[in-house]
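Each chain is listed here by its residues.
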Amino acid sequence: MLINKGKHRRSSKAVRVATLAGVAGAAVAVPLMGATSASAASVATWDKVAQCESGGNWSINTGNGYYGGLQFSNSSWAAAGGTQYAARADLATKAQQIAVAEKLLALQGPGAWTCAGAGNLTAGGPAANVDTSGATVKKSQGASEARKQTQGTTKKSAPVREKVEKAQPAPQHSHRSGDTYTVKASDTLAKIAKAHGTNWKSLYAANKSVVGGNPNLIFPGQKLSI
């Protein structure tokens with residue numbers, strides 16, 4: 001078998017021709033694929049074969065010369081038309097690997113896989129219903145990216161609300177005593193005015209007779225009209 005030399009599979013005549021002839025040999029094999037296109041298997045069957053061949057890892061590349069969930073060699077991948085999807089099987093989608101596997105099954109039969117028995121793989125099963133366009137993969141990736149963006153937006157919104165809440169001014173405590181305020185140590189007209197919702201000029205104008213001519217000089221104990 002051209003898929004895994006370590007499993008000592010015997011190559012069929014069709015695949016040997018494709019391997020020895022190189023690119024031209026792959027072209028010779030095409031009519032043979034069409035002639036035996038009835039050979040197929042369900043997705044569930046291919047899943048079982050892949051589970052035995054590679055542990056069900058459709059992207060596996062261990063460096064042993066065999067790739068993907070069904071452990072294609074590069075020569076068998078090319079002979080069955082796999083290079084229309086990717087240079088190696090592990091770079092193709094699961095659906096594309098299954099589509100190529102069905103063509104190889106038509107060429108060689110279930111004996112191409114030593115795990116054919118584990119998956120009950122036969123040459124006359126129902127065709128696998130797969131989409132080789134890769135659209136499903138792209139859509140799922142797009143949905144995943146959309147979820148990430150949504151999650152990122154949600155996470156960023158919380159600090160914004162927190163900042164708004166922190167930006168709200170703390171309530172000012174009034175020191176009113178009737179209509180007057182008694183000046184305390186460290187007070188200034190500006191500080192007193194701000195605490196009572198006015199400005200220092202208005203406060204000074206209303207208390208010029210108490211403060212005197214210098215609005216920057218007030219004394220503890222002075223009573224100011226608010």
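Peer 1: I tried to follow helix H3 (residues 43–54) on my own but got confused; where do I start?
Peer 2: Along an α-helix, residues three or four apart share an orientation, since each turn contains 3.6 residues. The terminal C-alpha atoms of H3 lie 16 Å apart, and with twelve residues this matches the ideal 16 Å at 1.5 Å per residue to within 8%. Looking at the buried positions of H3, the neighbouring elements they touch are helix H5 (94–108). Phi for Gly-55, located one or two positions after H3, is positive at around 75°.

Peer 1: Where do I start with the nonpolar core in this structure?
Peer 2: One recurring pattern in soluble globular proteins is that nonpolar side chains are buried together. Core analysis: the biggest nonpolar cluster contains 25 residues, and Trp-46, Val-49, Leu-70, Phe-72, Trp-113 and Leu-121 have the highest contact counts within it. Those elements giving two or more residues to this core turn out to be H3 and H5. No other element matches the six residues that H5 contributes to this core. Apart from residues no more than four positions distant in its own chain, Trp-46 is found in contact with Ala-41, Trp-58, Leu-70, Ile-98, Ala-101, Glu-102, Leu-105, Trp-113, Leu-121 and Ala-128. Grouped together as the second largest cluster of nonpolar side chains are ten residues, Tyr-181, Val-183, Ile-192 and Ile-218 included.

Scoring rules and cut-offs
Residues numbered from 1 in each chain as written. Predicted model: local features only at pLDDT ≥ 70, side-chain atom pairs only at ≥ 80, totals over all residues. Heavy atoms only, no water. Helix = DSSP H or I, 4+ residues; strand = E, 2+ residues; numbered from the N terminus. Expected span 1.5 Å × (residues − 1). Contact = heavy atoms within 4.5 Å. Core = buried A, V, L, I, M, F, W, Y, C linked by side-chain atoms within 4.5 Å. Buried < 20%, exposed > 50% of the residue type's maximum accessible area, 1.4 Å probe, protein only.

Limitation: the analysis is restricted to geometry and does not speak to function.
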